[in-house]
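What follows is the residue order along each chain.
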Amino acid sequence: MNKKIIIPILNNEYPVIVCWGDTKFIKQVLKKYGHKYDGEDFNWDKYGGRFFGLEGKDGVIVLPKKPKTPEDIGNLAHEATHAVVDIFEFIGEEKYDEVFAHSVGAIVREVLR
């Protein structure tokens, strides 16, 4: 099943997009948000997920399927951390504390709903 979720971070100012499904769908989502990719980005035997981030573009987390197993959820949390780091670096925030942790938690919670 193909799915795309838009998760607002920091008062809706910086959305993180999370999607999963077939490669064609994921490529469409990445293209919509201005991200480039290559075939290796969809090597699910090598990667449990990928984060695509470019300055000035909404970050996109791609997953092969909706996370259900502990390994899948761990991969989601890993990619969510990359997404939030990307936002914090973009806004020049150097303190990674409660706001950072809550932002990662928001991504994981929304995807698992």
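Residues numbered from 1 in each chain as written. Predicted model: local features only at pLDDT ≥ 70, side-chain atom pairs only at ≥ 80, totals over all residues. Heavy atoms only, no water.

Structural notes on the packing of helix α2 (residues 70–91) against helix α3 (residues 98–112)
Packing of α2 against α3 brings their axes to within 9 Å, and their N-to-C directions diverge by 135 degrees. Here α2 lies oblique to α3, going by the angle between them. Of the two elements, α2 crosses α3, and the hand of that crossing is right-handed. Facing α2, whose interface residues are Ile-73, Leu-76, Ala-77, Ala-80, Thr-81, Ala-83, Val-84, Val-85 and Phe-88, α3 presents Val-99, Phe-100, Ser-103, Val-104, Ile-107, Val-108, Val-111 and Leu-112. By residue class, the composition of the contact of α2 with α3 is 15 nonpolar, two polar and no charged. (Axes fitted to C-alpha atoms, helices over the stretch in contact; angles between N-to-C directions. Helix = DSSP H or I, 4+ residues; strand = E, 2+ residues; numbered from the N terminus. Parallel < 35°, antiparallel > 145°, perpendicular 65-115°, else oblique. Left-handed = near helix turned anticlockwise from the far one by under 90°. Contact = heavy atoms within 4.5 Å. Nonpolar A, V, L, I, M, F, W, Y, C, P; charged D, E, K, R; others polar.)

Comments concerning helix α1 (residues 23–32)
Listing the buried residues of α1 in full gives Phe-25, Ile-26, Val-29 and Leu-30. Projected down its long axis, α1 shows its buried positions confined to an angular sector of 135 degrees, all on one face. Seen from the buried face of α1, the exposed residues on the opposite side, beyond 90 degrees, are Lys-24, Lys-31 and Lys-32. Residues of α1 that are buried sit in contact with β1 (3–9), β2 (14–20), β3 (50–52) and β4 (59–63). (Buried < 20%, exposed > 50% of the residue type's maximum accessible area, 1.4 Å probe, protein only. Arc of directions from axis to C-beta.)

As for the environment of His-35
Among the structural elements, His-35 can be located in the loop between α1 and β3. Taking relative accessible area as the criterion, His-35 reaches 5% and is therefore assigned buried. Taking the C-alpha atoms as reference points, His-35 and Gly-74, separated by 39 residues in sequence, lie 24 Å from one another. One polar contact links the side chain of His-35 to the main-chain carbonyl oxygen of Asp-58, over a distance of 2.7 Å. (Polar contact = N/O pair within 3.5 Å; in protein donor to acceptor, adjacent residues only side chain to side chain.)

Thoughts on the environment of Lys-27
For Lys-27, the location among the structural elements is in helix α1. Taking the C-alpha atoms as reference, Lys-27 lies 18 Å from Asp-45; in sequence the two are 18 residues apart. Excluding residues that lie within four positions of it along the chain, Lys-27 makes contacts with Tyr-37 and Phe-42.

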